[in-house]
Every structure is written in C-alpha cells, then in structure tokens.
Amino acid sequence: DFKPRVPGADIRKEKLVLSGLEPLIYDENSNFLNIGERCNVAGSRKFAKHIINGEFEEALAIARAQVENGGQVIDINMDEGMLDGVAAMTRFLNLISTEPDVAKVPLMVDSSNFAVVEAGLKCAQGKCIVNSISLKEGEEDFIKKARLIKRYGAAMVVMAFDEVGQAVECAHKFQVCERSYRLLVDKVGFNANDIIFDPNILTICTGMEEHNNYGVEFINVCSEIKAKLPGAKISGGVSNLSFSFRGKEVIRQAMHSVFLYHAIKAGMDMGIVNPGFLTIYDEIPKDLLQICEDALWNRDPEATEKLLEYAQSHGKDVTAKVEEEEWRSQPVRSRLKHALVKGITKFVVEDTEEARLDKVSYPRPLNVIEGPLMDGMSVVGDLFGAGKMFLPQVIKSARVMKKAVAHLIPFMEEERLANLQGADAGDENDMYNGTVVIATVKGDVHDIGKNIVGVVLGCNNYRVVDLGVMTPCEKIIEAAIKEKADIIG
C-alpha cells in the first residue's frame with residue numbers, strides 16, 4: 001500500500017513562470033531578462049518589409065537570430081497601417097510553432113489593438129506575455145481585458161497610463177501602478193507574479209528641459225514598485241531612452257548600458273532590448289561614461305550638447321579603426337582576453353595559434369586554455385555577475401571561446417595519443433585515469449562550460465563520454481552504468 005502522492009508547492013505563487021516549448025522560471029535571484037525587439041514592424045524596417053511583402057520565412061529567420069543572440073523572450077508586434085494585424089499575427093505565430101529553435105522561448109504578444117492581442121493568445125504555445133493593457137480607457141475596460149488575459153493563462157504588461165494620460169513623474173507612475181495592481185489582485189484575482197509594470201522609459205536629452213529628469217523618474221519608481229507591490233515585475237523599452245540620438249550608435253549603446261546598470265539595481269527585471277545595442281559598462285570610455293551618467297541623473301544641463309559633441313568627434317569609422325589598432329598591438333595574452341570580453345571572433349584562431357607556438361609561456365596546448373582563455377572568461381563571469389554585462393554579450397564571448405578551443409583540440413589529441421604510445425595493451429579503460437560521463441540536463445542548452453571541462457579532462461587522460469545537451473536524467477544514469485563511470489558531471 002502506498003499513500004497518495006503529495007503535490008509539491010506551487011512555484012507560480014512565488015515566481016513568474018513562462019514557457020514556450022521550454023519553461024522559463026523567473027524570480028528575485030534571476031538575472032536580467034532580455035526581450036528581443038526586432039520582430040516589431042514599427043521598430044525594424046527589415047522585419048516590416050518582410051511581413052508586408054508576405055515573406056514570413058525570412059521574418060522567421062530574424063526571430064531565430066534573436067534567440068541565438070540571447071533573447072529569452074521574443075516580442076512580436078504587427079501594428080502597421082498597411083497590415084491586417086490579426087491575420088499577420090496569426091500566420092506568424094503559427095509559423096513560429098513549427099520552428100523549435102524559436103518556439104522554445106516564451107513570446108510577448110505586443111499590440112495596441114486588443115483584437116490582435118487575442119489573435120496572438122489563440123496561437124501562442126505555452127504561457128506568453130501580453131503587451132499591454134492600461135487604465136487609459138477606464139477601469140471597466142481594464143478589468144474586462146485583464147479577465148480575458150487571465151482566462152488564456154498569460155502574464156501581462158501594464159503600462160503606467162491612466163485616464164489623465166501617460167505618467168511622467170515618479171509619484172504619478174506609482175499611483176497608476178498601485179491602482180492597477182489593486183484592481184488586478186483584488187478584483188480580477190490575477191497572480192501578482194504575472195503582473196509586469198512598464199512605468200514608461202521616456203526619451204532624455206531632447207533639448208527640452210522638462211525631459212531631462214525622465215531617467216531619474218523611472219529608476220525611482222522601480223524602487224517604489226519593488227518595495228510596495230509584492231510579486232510585481234518591471235519592464236520597459238530601453239531604446240526609447242536614447243531616441244533623440246538615432247544614428248549615433250556609440251552614444252546610444254553607452255546610454256543603454258549606463259541606464260540598465262542603474263535600473264537593474266533599482267529593481268528592473270526585464271526589458272525590450274536589441275542585443276547589438278549594448279556595450280559593457282566597464283568598457284565605456286571614461287569621458288563618455290561621465291557624460292552619460294550626468295545625462296541619466298540630470299546632473300549637468302549641458303549633457304545633451306556634450307553628447308552631441310562627443311558623437312561628432314568620435315565618428316563610427318574613426319573610433320573602430322583606433323580601437324582595432326590599439327588592441328591588436330597588445331601581447332597575445334591581452335589580445336585573447338580582449339577578444340573574449342568583447343566577443344570578437346575575427347582574430348581568435350590566429351591569436352590562439354600564436355599562443356600555442358609560444359612553448360616558453362605555454363608548453364602544452366592545454367596551458368593556452370587554462371591561461372589566457374580562462375582569464376578572459378573569468379572577467380566575463382565577473383562582469384555578468386556584477387550586472388555590467390548581459391546575456392547576449394556572454395553568448396558572444398562563449399562563441400569566441402568555443403572557436404579557440406576547437407582550434408586547440410587536434411593538437412591536444414595528438415599530444416594525448418603520443419603519451420599513450422608504448423602503453424601495455426589490455427582493457428581500454430586501463431589506459432585512462434578514469435571515465436567521466438558529462439551532459440547538460442534537460443532544459444539547459446548552454447554547453448560551452450561542459451565542453452571546456454570535457455577538453456581539460458581529456459587532456460589529463462580521462463575518458464570523456466559526452467551525452468550532449470538537454471539530456472534526461474534517466475539517460476545520464478543509464479550511460480554511467482554502461483560506461484562504468486567514475487564521475488558524472
């Protein structure tokens with residue numbers, strides 16, 4: 001006789017749980033959530049052109065690229081005057097469902113037309129996010145839409161917008177968010193963990209003095225929401241902040257990174273971000289960093305002019321050329337570290353080979369991995385942990401590491417075989433120090449760490465059985481028994 005199984009605690013009461021084909025669980029210990037922004041006909045001319053021309057397969061490639069570049073949620077918006085939004089949203093989401101590489105992440109169904117939102121909710125797999133509803137049309141309309149979203153089982157973004165208009169100052173932003181929160185939790189019975197507030201990231205440095213404090217107002221309201229509205233999350237469209245500097249990419253990247261560094265500390269959980277529009281906080285030139293800090297915190301009335309002057313004196317081509325010349329003249333150890341932190345794959349093979357040939361500094365190929373390559377990845381880890389680097393950038397660094405390690409593997413294998421020559425014939429396992437079964441568990445596809453461990457163990461004469469990514473526990477146990485593993489990793 002067995003007692004009935006006692007269900008575990010419902011994590012949805014404590015965490016934001018989303019899903020595509022795979023679950024995404026977000027809580028206070030999670031890192032910043034990157035929402036890809038390029039599948040938006042209003043924000044990407046390339047995506048809009050494909051959708052308007054009926055080139056949905058090409059549009060799907062943009063979504064796939066966003067997931068590959070670190071987008072953990074994909075924002076889909078079809079609000080364009082030339083489009084039938086309902087039909088376009090339905091067709092595109094149905095197409096996404098046939099592409100596992102995209103469908104694995106949760107979707108954000110984004111539209112100002114609620115008919116388009118509902119069309120998306122009917123097609124989205126798993127648990128998506130609705131972006132967005134607000135109190136703009138009054139409480140009755142707000143509650144009606146919220147109940148429908150709850151019925152579909154989605155999370156939702158709530159804009160800081162009421163009958164008066166868009167909330168600009170911290171006090172008004174919080175008033176709207178608190179009122180919305182009470183309506184959703186008390187009247188609709190909505191899970192507080194599924195409420196995501198967008199307190200309006202507005203453009204600063206427009207030349208109008210009343211706009212200069214918008215960044216401060218957003219950061220301040222983040223702290224208020226986190227302190228007084230338990231469970232609620234905070235999001236926003238990051239590119240809005242720097243809209244007045246369109247075309248000035250160096251300035252925009254720096255502004256976004258400075259803003260996110262402070263907003264995340266204040267409680268911002270996620271944002272609609274173009275991964276290519278981010279730079280590493282610690283890598284921003286000190287003079288530009290100071291101007292951006294002053295602009296964000298409204299400490300210098302001349303900040304706008306200083307940013308414009310900086311943009312004019314640091315043209316894109318000039319800056320890129322100077323930077324390349326500077327880092328390429330550094331020692332190979334510094335070059336490899338720079339390439340890893342910046343995610344630059346262009347020179348990594350030739351630099352790795354140069355390091356391998358330096359037998360004085362690196363007698364074995366493994367020493368290149370354990371030395372300059374791991375030094376670079378250590379910096380990446382520290383920056384990511386400090387909130388100065390974001391997942392899309394980490395993924396770029398991992399690609400550089402993977403390329404460098406791939407170049408070294410044949411040389412390490414050659415060394416290993418040379419060391420085994422002359423060994424007594426017998427049981428194959430006797431030739432090794434031990435057998436290690438490694439894999440990433442089901443739901444985890446980030447295998448760069450596993451691959452590095454496998455290479456290092458192999459170079460130290462361990463037999464490595466690599467089961468790949470997203471491996472069920474049963475398969476790992478079965479392989480460990482079959483291969484007589486000494487270690488499972």
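The structure presented is a predicted model; accordingly, all values stated were derived computationally and were not measured.

(A) Main features of helix α13 (residues 332-342). Among the residues of α13, those classed as buried are Val332, Arg335, Leu336, Ala339, Leu340 and Val341. Within two residues after α13, Gly343 carries a phi angle of roughly 75°, on the positive side.

(B) Examining the sheet that holds strand β4 (residues 73-77) more closely. Taking strand neighbours across the sheet as the criterion, the 8 strands line up as β11-β10-β7-β6-β5-β4-β3-β12 in an open arrangement whose pairing is parallel. Because the sheet does not close on itself, it has two edges, and the strands there are β11 (233-234) and β12 (270-273). Strand direction decides the pairing type here: strand β5 (residues 107-110) and strand β6 (residues 129-133), joined by 3 bridges, are parallel. Looking across to β6, one finds that Met108 is bridged to Ile129.

(C) How the structure looks around empty space enclosed by the protein. Tallied over the full model, the rule gives 3 cavities of 30 Å³ or more. Empty space within the largest cavity amounts to approximately 70 Å³. For the lining of the largest cavity, the residue count by class is 7 nonpolar, 3 polar and no charged. Every residue lining the second largest cavity is listed: Cys205, Asn212, Asp294, Ala295, Asn298, Asp300, Pro301, Ala303 and Thr304.

(D) Broad picture of the sheet that holds strand β15 (residues 487-488). On the basis of which strands lie adjacent, the open sheet formed by 3 strands has the order β14-β13-β15 and parallel pairing. At either margin of the open sheet sits one strand with a lone partner, and together these are β14 (463-466) and β15. Inspection of the sheet shows strand β13 (residues 435-438) paired to β15 by 2 bridges, in the parallel sense. Looking across to β15, one finds that Val437 is bridged to Ile488.

Calculation rules
- Residues numbered from 1 in each chain as written.
- Predicted model: local features only at pLDDT ≥ 70, side-chain atom pairs only at ≥ 80, totals over all residues.
- Heavy atoms only, no water.
- Buried < 20%, exposed > 50% of the residue type's maximum accessible area, 1.4 Å probe, protein only.
- Helix = DSSP H or I, 4+ residues; strand = E, 2+ residues; numbered from the N terminus.
- Pairing = 2+ DSSP bridges.
- 1 Å grid on protein atoms, 1.4 Å probe; cavity = no way out; pocket = protein on both sides within 12 Å on 5 of 7 lines; lining within 4 Å.
- Points joined across faces, edges and corners; volume = space filled by probe spheres on them.
- Nonpolar A, V, L, I, M, F, W, Y, C, P; charged D, E, K, R; others polar.

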